[in-house]
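# Results of the structural survey
Each chain, letter by letter, is given below.
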Amino acid sequence: MFTGIIESIGSIRALTPKGGDVRVHVDTGKLDLSDVKLGDSIAVNGVCLTAVELPGNGFAADVSRETLDCTAMNDLKSGSPVNLEKALTPTTRLGGHLVSGHVDGVGEVVSRSDNARAVEFCIRAPKELAKYIAHKGSITVDGTSLTVNAVDGAEFMLTIIPHTLSETIMASYKPGRRVNLEVDLLARYLERLLLGDKAAEKTAGSTITESFLAQNGYLK
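Worth saying up front: this structure is predicted, and the values here are computed from it rather than measured.

### Things to note about the overall build of the protein chain
- The helix and strand inventory of the protein chain stands at 4 helices and 13 strands.
- Taking 220 residues into account, the globule formula puts the C-alpha radius of gyration at 17 Å, and the protein chain, at 18 Å, falls close to it.
- A principal-axis box enclosing the C-alpha atoms of the protein chain has dimensions of 60 × 45 × 35 Å.
- Scored against the burial criterion, the 220 residues of the protein chain give a buried share of 42%.
- When contacts within the protein chain are restricted to residue pairs at least 6 apart in sequence, those whose partners lie at least 24 apart make up 65%.
- When the accessible surface of the protein chain is totalled, it reaches about 11,800 Å², and 52% of it is carbon and sulfur.
- Treating the 23 positive side-chain charges of the protein chain as one cloud and the 27 negative ones as another, the clouds have centres 1 Å apart.

As structure tokens, this is what we get:
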């Protein structure tokens, strides 16, 4: 688990094809690895990866085909900056929200504009994730815990303060950039809970619809 508070900006040293998937080598910048051991988890742009090598100035991790298919990891190349966060501990200050590091989908930066000293981004999520994104709710973008300021269909707005811009890779975002998205865990569990006994039934997709909510007394 993670908090979505980025600890360091690192960079990709190399992406090496290995047996059909990829081994990624990451330079970790100012991230303190003194308490990291082989097998520990580190989030790279919000993707939970397992350290399989610790050469001293970074780490290496294996990236499966599943992860490559479901995230924007394929967009990375040698030299690409990345957000880094070590897994939380029982004593970690939870400054963001609970983040699993399991990316739900890939979004796209639609627009960027200045607002005083802050920067506003509009990001388009995949249609299937729109139902989990709420005004003033939490969302993780490339591993960064952020507050949604507005929602319009599958698009949502973020207002990013100077500190976040300087401590993450968001300062480099431009329209067209693909970003990893993880929705709030609570929204995922709430959807499953609302299914009740129907959760045990096989289905091709979610059965939570406006009609379902109305029939079960959640809408008036």
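Anyway, onward from the coordinates.
### Quick look at the nonpolar core
- One finds F121, V141, F156 and L158 to be the most contacted residues of the largest nonpolar core, which totals 22 residues.
- Sorting the residues of this core by element identifies β8 (118–124), β9 (138–141), β12 (155–160) and β13 (178–183) as the ones contributing at least two each.
- Once residues within four sequence positions are removed from consideration, L158 is found in contact with V119, E120, F121, I123, I139, V141, L146, T147, V148, N149 and M170.
- Formed by 21 residues, the second largest nonpolar core is a distinct cluster that contains V22, V63, M73 and V82.

### Topic: the UniProt feature "repeat: Lumazine-binding" (unreviewed entry) in the protein chain
- Here, the residues flagged by UniProt with the feature "repeat: Lumazine-binding" (unreviewed entry) are residues 1–97 and 98–194.
- Along residues 1–97, the helical share is 6% and the strand share 42%, with 10 Å between the first and last C-alpha atoms.
- The distance from the first to the last C-alpha atom of residues 98–194 is 21 Å, and the span holds 16% helix and 42% strand.

### Re the pairing of β8
- In terms of burial, β8 is largely enclosed, as 5 of its 7 residues are buried.
- Bridge analysis of strand β7 (residues 105–115) against β8 gives 7 bridges, and the strand direction is antiparallel. Counted as the bridge partner of S113 is E120 from β8.
- Linking two consecutive strands that pair antiparallel, namely β7 and β8, is a turn of 2 residues; a positive phi of about 55° is found at A116 within it.
- The pairing of β8 with β12 spans 6 bridges and is classified as antiparallel. When the sheet's bridge partners are listed, V119 is paired in β12 with I160.

### Notes on helix α3 (residues 185–194)
- Put simply, D184 is the residue that caps the front of α3, since its side-chain oxygen is 3.2 Å from the backbone nitrogen of L186.
- Two residues or fewer past α3, G196 is found with a positive phi of approximately 55°.

### Describing the sheet that holds strand β2 (residues 21–27)
- Spatial strand order, β1-β2-β5-β4-β3-β6: 6 strands in a closed barrel with antiparallel pairing. Mean inter-strand twist for the sheet, computed between neighbouring axes without regard to direction, equals 45°.
- Both strand β3 (residues 41–44) and strand β6 (residues 81–86) contribute to a ladder of 3 bridges, which runs antiparallel. Looking at β6, one finds that I42 is bridged to K86.

### Considerations on a nonpolar patch on the surface
- Taken together, M1, L94 and L98 make up a surface patch of nonpolar side chains, about 280 Å² in accessible area.
- Looking at the secondary structure, you find L94 in the loop between β6 and β7.
- Residue classification places L94 among the partly exposed positions, given a relative accessible area of 47%.

### Topic: the pairing of β6
- Of all 6 residues that make up β6, 5 are buried, and the element is covered over most of its length.
- In terms of strand pairing, strand β1 (residues 8–18) meets β6 through 4 bridges, oriented antiparallel. Residue S8 lies in a different strand from β6, and its bridge partner there is L84.

### A few points about the pattern of salt bridges
- Here the structure, examined in full by the defined rule, presents 12 salt bridges.
- For R23, the salt bridge is made with E53, and the minimal N-O distance between the two is 2.7 Å. In this pair, R23 sits in strand β2 while E53 sits in strand β4 (residues 47–53), placing the two residues 30 residues apart along the sequence.
- Judged by relative accessible area, R23 falls into the buried class, the value being 15%.
- Here the salt bridges share partners, and the residues they tie into one network are R23, E53 and D62.

Criteria and cut-off values
Residues numbered from 1 in each chain as written. Predicted model: local features only at pLDDT ≥ 70, side-chain atom pairs only at ≥ 80, totals over all residues. Heavy atoms only, no water. Helix = DSSP H or I, 4+ residues; strand = E, 2+ residues; numbered from the N terminus. Rg over C-alpha atoms; globule rule 2.2 N^0.38 Å. Buried < 20%, exposed > 50% of the residue type's maximum accessible area, 1.4 Å probe, protein only. Contact = heavy atoms within 4.5 Å. Areas by Shrake-Rupley, 256 points an atom, 1.4 Å probe, with all protein chains shown as cover. Lys, Arg positive; Asp, Glu negative; His and termini not counted. Charge placed at Lys NZ, Arg CZ, Asp CG, Glu CD. Core = buried A, V, L, I, M, F, W, Y, C linked by side-chain atoms within 4.5 Å. UniProt positions renumbered as here; feature names shortened; annotations may be inferred. Pairing = 2+ DSSP bridges. Polar contact = N/O pair within 3.5 Å; in protein donor to acceptor, adjacent residues only side chain to side chain. Axes fitted to C-alpha atoms, helices over the stretch in contact; angles between N-to-C directions. Patch = residues over 30% accessible without salt bridge, like charges linked within 9 Å, V, L, I, M, F, W, Y side chains within 5 Å. Salt bridge = Lys/Arg side-chain N within 4 Å of Asp/Glu carboxyl O.

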